[in-house]
Every structure is written in structure tokens, then in C-alpha cells.
Amino acid sequence: MFNEKFLEVLKHEGVVSIVTCGPNGAHVSNTWNSYLTIIDNNKILIPAAAMILTEKNVIENPKVKLTLGSHEVMGYRYMGTGFLVEGTAKFLKEGTDFHMMKEKFSFLTRVLEITVTSYKQTL
């Protein structure tokens, strides 16, 4: 599902913003490009240690948006590109994917799993 440009962005460090919506409106939490793990061609796994409000929002409304980018990857016209990702989320507290991520990121308490429904390059 993900093109070469998207995968190239993940090879460079950058900030990932995770947007959820709850009863009090939008909430943004952040992580790093290097923390994202792609599985099953359309899922992104993200280690979660805090993300308390993010998890509460996902329980009420599983729709999420992510933005990520890198100034080290060529965009449409200049160096630097980014992506908007949309999908549905849930938190994993057990299972194969949880344990695989726990081995990579010992600090996590849960794993945010995002099933991607669309993504597009923004820069």
C-alpha cells in the first residue's frame, strides 16, 4: 500500500503527529518516525507509553489522522516532504504484535495499531 517515498520518510527522523477527536475536540500527541512499524501492508504500529487521552478518544471515536515528514526526502519541488495518513485505531495490550513491539521498544505499555484507509503526500 505504501509507496517508496512514504517508506523513505520513515528512514529519516522526524515528528509524527497523531490526531484524535473526543468530547472536548481534537487532541494531538506526538511520536517519532523511527517508532513506526509497518505490518500487513496497511497497518502502522506505534509504541505507546503515555497517550492516555489518545486512548480515551480512540475508544469513543476510532478515526485518527497522522502527519509525518522529513526535510531529508525530496518533495514535489524541493527537499522536504510530508504525508497525511487517515485510518482507524485501537490499542493492543497483548498478542503477537504487542510482544514483537515490546521487544523493540521496552518502554511501551500498549501499542497503538492504525489500520490505514488512505494516505497522501502533502509537500
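Residues numbered from 1 in each chain as written. Predicted model: local features only at pLDDT ≥ 70, side-chain atom pairs only at ≥ 80, totals over all residues. Heavy atoms only, no water.

Quick look at the overall build of the chain
A count of helical and extended segments in the chain gives three helices and seven strands. Each helix and strand of the chain, ordered N terminal to C terminal, gives the series α-β-β-β-β-α-β-β-α-β. Taking 123 residues into account, the globule formula puts the C-alpha radius of gyration at 14 Å, and the chain, at 14 Å, falls close to it. Seen through its C-alpha atoms, the chain measures out along the principal axes to roughly 40 × 35 × 25 Å. Counting across all 123 residues of the chain, residues that qualify as buried make up 45%. Across the chain, every contact between residues at least 6 apart in sequence was considered, and the portion connecting residues at least 24 apart equals 66%. (Helix = DSSP H or I, 4+ residues; strand = E, 2+ residues; numbered from the N terminus. Rg over C-alpha atoms; globule rule 2.2 N^0.38 Å. Buried < 20%, exposed > 50% of the residue type's maximum accessible area, 1.4 Å probe, protein only. Contact = heavy atoms within 4.5 Å.)

Points about the nonpolar core
Membership of the largest hydrophobic core comes to 24 residues, with the highest contact counts inside it found for F6, I44, I46, L68 and I114. Mapped by element, the contributors of at least two residues to this core are α1 (4–10), β1 (15–22), β4 (43–48), β5 (63–74), β6 (79–92) and β7 (110–121). With residues near it in sequence (within four places) discarded, I44 still touches F2, F6, L36, T37, I38, V85, L112, E113, I114 and V116. (Core = buried A, V, L, I, M, F, W, Y, C linked by side-chain atoms within 4.5 Å.)

Focus: the side chain of N33
Tracing the chain through its elements places N33 in the loop between β2 (25–32) and β3 (37–39). When its relative accessible area of 0% is taken as the criterion, N33 is described as buried. Among residues more than four places away in sequence, those in contact with N33 are V9, L10, H12, E13, G14, V15, V16, L68 and G69.

A few points about the environment of K43
Relative to the elements of secondary structure, K43 occurs in strand β4. For K43, the contacting residues outside a window of four places in its chain are T37, I38, E113, I114 and T115.

Observations concerning the side chain of S29
Relative to the elements of secondary structure, S29 occurs in strand β2. With a relative accessible area of 11%, S29 lands in the buried category. A distance of 3.1 Å separates the side chain of S29 from the side chain of T54, its partner in a polar contact. In this structure S29 touches V16, S17, I18, M51 and T54, once residues within four positions along its chain are discounted. (Polar contact = N/O pair within 3.5 Å; in protein donor to acceptor, adjacent residues only side chain to side chain.)

With respect to the pairing of β7
Pairing analysis gives six bridges linking β4 to β7, with the strands arranged antiparallel. For I44, the partnering residue across the bridge sits in β7 and is I114. Sheet topology note: the β6/β7 ladder contains ten bridges and is antiparallel. Across the sheet, G87 pairs through a bridge with V116, a residue of β7. (Pairing = 2+ DSSP bridges.)

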